[in-house]
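# Close look at the chain arrangement
Residues per chain are reported as follows:
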Amino acid sequence: MKNLELQKRANDVRKGIVTAVHGAKAGHPGGSLSAADIFTFLYFEEMNIDPQNPDMEERDRFVLSKGHTAPGLYSALAYRGYFPVEDLPTLRHLGSYLQGHPCIHIPGVDMSSGSLGQGISAAVGMALGAKMENRDFRVYTLLGDGEIEEGQVWEAAMFAGFRKLDNLCVMVDNNNLQIDGPINQVCSPYPIDKKFEAFNFHVINADAHDFDAIRAAFKEARETKGMPTCIVFHSLKGKGVSFMENSVDWHGKAPNDEEYAVAMADLDKIEKELEKAGEQ
């Protein structure tokens, strides 16, 4: 896909995120929005998947280790065709299949997640299983930069590096904010790249909102042999919504009706700008 088309898809994903969280009156918009371009590239270009056959044996696997950003994953899955976009506003509602954290019964979800630090361990297990069975699928997992303060993350990284799982791509959404504030003030995990390198990972630093940089990073990851890859994606929390950008306040709360209208107007403006760019 061309970058402009990916940008349009990502803007749709952001609209879905805001709509879902507003409908739920709860949820985590900030980190979902910062990862929207990553979700978009994964599901619309990078991964070998088939929405019409979500359990295809040779599909690539994705584990959302920072499971609280389920609105971002759900929106990408919906726009990719795994389930109706119209279901997004049912997020967290009683009886809805779209609960606050990913559940494996949802079409396109490969692993239930939410307990921080555990998703990467599941992804490492999947990657090891693929190696043991001589299968070709790749495994991707997305972590939060606050999440990597969990010790289990580094146990999983140590194992993955030792076993040379080059079919594993770990991504860190490095938006610099966690629920209690800036990560370097809460419990700094920096330098993230050097830490993963110490666990025998090939490490790439990339702009999370530049599709050329995203594409190049995943290409480098696929071409890396003999060791797993970690892509540290430098992102902006709340990306695309003016009053949410780089604000820790929007880590885990929903916009009210007035805020929802402003957020959608912001995203409508971006959509019009993209449409104009496509006409030039």
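Residues numbered from 1 in each chain as written. Predicted model: local features only at pLDDT ≥ 70, side-chain atom pairs only at ≥ 80, totals over all residues. Heavy atoms only, no water.

## A closer look at the overall build of the chain
- Helix and strand counts for the chain come out as 10 helices and 7 strands.
- Taking 19 Å as the expected radius of gyration for a compact globule of 280 residues, we find that the chain reaches 18 Å, a close match to that expectation.
- C-alpha atoms of the chain, sized along the principal axes, occupy 50 × 45 × 45 Å.
- Taking all 280 residues of the chain together, 52% fall into the buried category.
- Of all intrachain contacts in the chain linking residues separated by at least 6 positions in sequence, the fraction that spans at least 24 positions is 75%.
- Of the roughly 11,900 Å² of accessible surface on the chain, a fraction of 49% belongs to carbon and sulfur atoms.
- Where the 28 positive side-chain charges of the chain centre and where its 41 negative ones centre are 3 Å apart. (Helix = DSSP H or I, 4+ residues; strand = E, 2+ residues; numbered from the N terminus. Rg over C-alpha atoms; globule rule 2.2 N^0.38 Å. Buried < 20%, exposed > 50% of the residue type's maximum accessible area, 1.4 Å probe, protein only. Contact = heavy atoms within 4.5 Å. Areas by Shrake-Rupley, 256 points an atom, 1.4 Å probe, with all protein chains shown as cover. Lys, Arg positive; Asp, Glu negative; His and termini not counted. Charge placed at Lys NZ, Arg CZ, Asp CG, Glu CD.)

## Considering the side chain of D110
- Turning to its location among the elements, D110 is positioned in the loop between α4 (70-80) and α5 (118-132).
- Overall, the relative accessible area of 11% leaves D110 in the buried class.
- One polar contact links D110 to R59, side chain to side chain, over a distance of 2.9 Å.
- Engagement of the side chain of D110 in a polar contact is seen with the backbone nitrogen of F62, the distance being 3.1 Å.
- Non-local contacts of D110, meaning those with residues more than four positions away in its chain, are made with R59, D60, R61, F62, I104 and M126. (Polar contact = N/O pair within 3.5 Å; in protein donor to acceptor, adjacent residues only side chain to side chain.)

## Brief notes about helix α9 (residues 211-223)
- In this model α9 runs 18 Å from its N-terminal to its C-terminal C-alpha over 13 residues, within 8% of the 18 Å that 1.5 Å per residue would give.
- Every buried residue of α9 is accounted for by F211, I214, A217, F218 and A221. All buried residues of α9 project into a common sector of 125° when viewed along the axis, lining one side.
- Looking at the packing, one finds that the buried side of α9 touches α1 (3-24), α3 (36-46), β2 (139-144), β3 (168-174), β6 (202-207) and β7 (229-234).
- Between the side-chain oxygen of the N-cap and the backbone nitrogen of D212 there are 2.9 Å, and the N-cap of α9 in question is D210. (Expected span 1.5 Å × (residues − 1). Arc of directions from axis to C-beta.)

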